[in-house]
Amino acid sequence: MKKSLLVALLILVVSVSAFANSVSFDTGAMFAFGSIKSTTNGSSSESVDYSAIDIPIGISYRQEIKNDLGVVGSFGLLIPVNEKGGSVEINSDNLPTSFYFAIKASCLVPIQKNLSFVSTFGINYSFGTKTITSSSLASASYSYSISQFKFESDLLVEYSVSKNFALRGGLNIGIPLFEERKTTSKVGSISNVNSSTISGFRMSVAPVVGVAYQF
């Protein structure tokens, strides 16, 4: 199922990029906050406060369809800085860097001759795995995987500095819809896998800056 979703998203991104009338590179800092609880084998933990910081780096392709309405395909990396759930804090050494795809509808509103407002909304899927090998036992390893679907929206301002190039900045806002975390402990040929579903209300806000090339 996951492989099929990834293939479908990749096809959509490639199809958009092949006919895109702009391509952009963006980065920033993503701050997540809210509350979470974990459900494993039907048993749920207590809800705890949650916060996290990630660095998003991505490339987006925008295809105008009609009257400044379009579709955007994006992909990139989410580089973790830290994560805290309740009193437990996890640093970047133990968190996976995630790869993401996003498909969003887009609306561009001209404000002035060289200035436009861009809003998008759609779905983002990210996944990542961190594997740590034991320093004392070569056949032992531990891996931590995260996969997430979230609603995502961008509120951006683009300023054209020339016919083809524009500077852009604004906010990226995300609300997780589904998240699964999996831990796998392996010693030799013996593996132990635990899978948990993460629920609760969270939101991410990311100030972003970037540059766009317009075809």
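Residues numbered from 1 in each chain as written. Predicted model: local features only at pLDDT ≥ 70, side-chain atom pairs only at ≥ 80, totals over all residues. Heavy atoms only, no water.

(A) Local environment of the overall build of the protein. Along the backbone of the protein there are one helix and twelve strands. Here the protein, with 215 residues, has 35% of them falling under the buried criterion. Of the contacts made within the protein by residues no fewer than 6 positions apart, 65% connect residues no fewer than 24 positions apart. (Helix = DSSP H or I, 4+ residues; strand = E, 2+ residues; numbered from the N terminus. Buried < 20%, exposed > 50% of the residue type's maximum accessible area, 1.4 Å probe, protein only. Contact = heavy atoms within 4.5 Å.)

(B) The arrangement of the environment of Glu179 in detail. Following the sequence through the fold, Glu179 ends up in strand β10 (residues 165-187). Classification of Glu179 by relative accessible area gives buried; the value is 1%. The spacing of Glu179 and Phe127 is 52 residues in sequence and 9.7 Å in space, taken between C-alpha atoms. Those residues in contact with Glu179, other than ones at most four positions away along the chain, are Ile146, Ser147, Gln148, Ser196, Thr197, Ile198 and Arg202. Within polar-contact distance, the side chain of Glu179 engages the side chain of Arg202 at 2.9 Å. (Polar contact = N/O pair within 3.5 Å; in protein donor to acceptor, adjacent residues only side chain to side chain.)

(C) Structural view of a nonpolar patch on the surface. Side chains of Phe25, Ile57, Leu77, Ile79, Tyr159, Val161, Phe165, Leu167, Val211, Tyr213 and Phe215 sit close together on the surface and give an oily, nonpolar patch of about 970 Å² of accessible area. Those elements giving two or more residues to the nonpolar patch turn out to be β5 (69-85), β10 and β12 (202-214). Turning to its location among the elements, Val211 is positioned in strand β12. Val211 gets classed as partly exposed once you look at its relative accessible area, which sits at 36%. (Patch = residues over 30% accessible without salt bridge, like charges linked within 9 Å, V, L, I, M, F, W, Y side chains within 5 Å. Areas by Shrake-Rupley, 256 points an atom, 1.4 Å probe, with all protein chains shown as cover. Salt bridge = Lys/Arg side-chain N within 4 Å of Asp/Glu carboxyl O.)

(D) Highlighting unusual backbone geometry. Backbone geometry places Asn41, a non-glycine residue, at a positive phi of 55°. Take Asn41: it is sitting in the loop between β2 (30-40) and β3 (43-44). The exposure class assigned to Asn41 is exposed, which follows from its relative accessible area of 77%.

(E) The arrangement of the pattern of salt bridges in detail. Across all of its chains, the model carries eight salt bridges by this definition. In this structure, the salt-bridge partner of Arg181 is Glu83, at a minimum N-O distance of 2.7 Å. Placement of Arg181 in strand β10 and of Glu83 in strand β5 is noted, with a sequence separation of 98 residues between them. A residue is classified by how much of its surface remains accessible, and Arg181, at 11% relative accessible area, is buried. The partner of Lys104 in a salt bridge is Glu152, and the shortest N-O contact between them spans 3.0 Å. Remark: Glu152 occurs in strand β9 (residues 140-160) and Lys104 occurs in strand β7 (residues 98-110); sequence separation between them is 48 residues. On the basis of relative accessible area, Lys104 is assigned to the buried category, the value being 5%.

(F) Structural view of the nonpolar core. Ranked by size, the top nonpolar core spans eight residues in total: Met30, Leu78, Tyr100, Leu108, Val118, Leu156, Ala206 and Val208. At the level of elements, β7 and β12 are the ones that each hand at least two residues to this core. Setting aside residues no more than four positions away along its own chain, Val208 makes contact with Thr27, Gly28, Leu156, Arg168, Gly169, Gly170, Leu171 and Asn172. Core analysis: the next-biggest nonpolar cluster, separate from the first, contains five residues, Ile36, Tyr50, Ala52 and Ile198 among them. (Core = buried A, V, L, I, M, F, W, Y, C linked by side-chain atoms within 4.5 Å.)

(G) Main features of the environment of Pro96. Structurally, the position occupied by Pro96 is in the loop between β6 (88-91) and β7. Along the sequence, Pro96 and Ser145 sit 49 residues apart, while their C-alpha atoms lie 7.0 Å from each other.

(H) Representation of the side chain of Ser60. Inspection of the secondary structure puts Ser60 in strand β4 (residues 48-66). By relative accessible area, Ser60 is classed as buried at 13%. For Ser60, the side chain forms a polar contact with the side chain of Ser74, separated by 2.7 Å. Among residues more than four places away in sequence, those in contact with Ser60 are Ser22, Val23, Ser24, Asp26, Val72, Gly73 and Ser74.

(I) Local environment of the environment of Val161. Looking at the element boundaries, Val161 is found in the loop between β9 and β10. Look at Val161 and you get partly exposed, because its relative accessible area is 48%. Taking C-alpha positions, Val161 is 7.5 Å from Asn114, a pair spaced 47 residues apart along the chain. For Val161, the contacting residues outside a window of four places in its chain are Ala166 and Leu167.

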